[in-house]
Structure formats: structure tokens, C-alpha cells
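Observations on the three-dimensional arrangement
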Amino acid sequence: VGNDQEADRGHSNSVISERVLHEVYLQPFEACVRQAGAQAIMPGYNRLNGQYCAENRHLLQEVLRDTWQFQGLVVSDWWANRTTNKALEAGLNVEMPGIEPRYFGGYLLEQARDG
């Protein structure tokens, strides 16, 4: 959401008000979930209002799952995940690429063991 540029997209920060976010940027995603029945969503590389999309609880949990009732899979873009706990708590299910996990994979087991 708000991933409107290619240059430095992994570090850009899209500052978008809640009203514009819901009235403009989220509408196509909402249609995919509610009308087309999408079963997988991929958050972008960018930050939205200071938080990386793959670890943005407001987007992934409050909007996607709670408001739109999405029950599918949330998978990161390749190397877009930047954390273990924040991304997992936000609602990220799968980190890509799975063959070279940077924050999930065995790290999830370590986090679970450490509490």
C-alpha cells in the first residue's frame, strides 16, 4: 500500500492519512478480498506512516483480518520481512524466500523457546 515508486522502495516511507488510505489506496485490496475472494496477500517493501508494511499490525490485523474478515495467507515479498516478532505479531504468515529465511524459519523456533 502506497508503494508508488521503484527507486529505494525498500526504504521509502509513504505518509498517507487514514481517510485517504481507506478512500483511495485500500479500495482495490478490499475488493480483491471481499468481492473476488483472494486467499493470499503480499505486503509491499515500503513503510506506511513509519512502519514497514510486512510488520504493520494496523494493515495486516486490524484492516485486513478484523475489518475485512480475511482468512487467507499473508506472505512477504522477497526479502521484505525485516523482523521476527513484529512481523509475526502483525500477522505475517510466510517469509519469502523460504529457502533463505532471514527472520522466520528456525528463528521462529528460537523465539518460541525464549518466550
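What comes next is a walk through the structure. Numbers given for residues are sequential positions, taken from 1 along each chain in its written order. Reporting of local features is limited, given that this is a predicted model, to residues whose pLDDT is at least 70; pairs of side-chain atoms are given and counted only at 80 or more, and all residues count toward the totals for whole chains, interfaces and linings. Computation of side-chain values covers all heavy atoms of the structure but excludes hydrogens and water.

1. Observations regarding the packing of aromatic side chains
One pair of aromatic rings is described through two measures. These are the centre distance and the angle between the planes. Pairing of aromatic rings covers Phe, Tyr and Trp, the last through its six-membered ring, and needs centres within 6.5 Å; plane angles under 30 degrees mean stacked, over 60 mean edge-to-face, and all others mean tilted. All told, the structure shown has 1 aromatic pair when counted by the stated rule. For the pair tryptophan 78 and tryptophan 79, a centre-to-centre distance of 5.4 Å together with 70 degrees between the ring planes defines the contact as edge-to-face. When accessible area is computed with a 1.4 Å probe and restricted to protein chains, residues below 20% of their type maximum are described as buried, those above 50% as exposed, and intermediate ones as partly exposed. A relative accessible area of 38% means that tryptophan 79 is categorised as partly exposed. Cation placement over rings: the criterion is NZ of Lys or CZ of Arg within 6 Å of the ring centroid and within 35° of the ring normal. A cation sits over an aromatic face here: arginine 82 above tyrosine 52, 4.0 Å from the ring centre.

2. Quick notes on helix H3 (residues 57–67)
Numbered from the N terminus, helices here are DSSP runs of H or I no shorter than four residues, and strands are runs of E no shorter than two. What H3 keeps buried is the set Leu59, Leu60, Gln61, Val63, Leu64 and Arg65. Buried residues along H3 sit in contact with helix H1 (18–25), helix H2 (27–34), strand E2 (40–41), strand E3 (47–48), strand E5 (73–74) and helix H4 (85–90). Only heavy atoms enter the contact rule, under which two residues are in contact if any of them lie within 4.5 Å.

3. Here's the deal with the environment of glutamine 111
Tracing the backbone shows glutamine 111 in helix H5 (residues 106–114). Sequence separation between glutamine 111 and glutamate 18 is 93 residues; the distance between their C-alpha atoms is 33 Å. Setting aside chain neighbours within four positions, we find glutamine 111 in contact with Thr84 and Asn85.

4. Here we look at unusual backbone geometry
The phi torsion at glutamine 69 lies on the positive side, around 60 degrees, for a residue other than glycine. Relative to the helices and strands, glutamine 69 resides in the loop between H3 and E5. Overall, the relative accessible area of 53% leaves glutamine 69 in the exposed class. The backbone of tryptophan 79 shows a phi angle near 60 degrees, a positive value even though the residue is not glycine.

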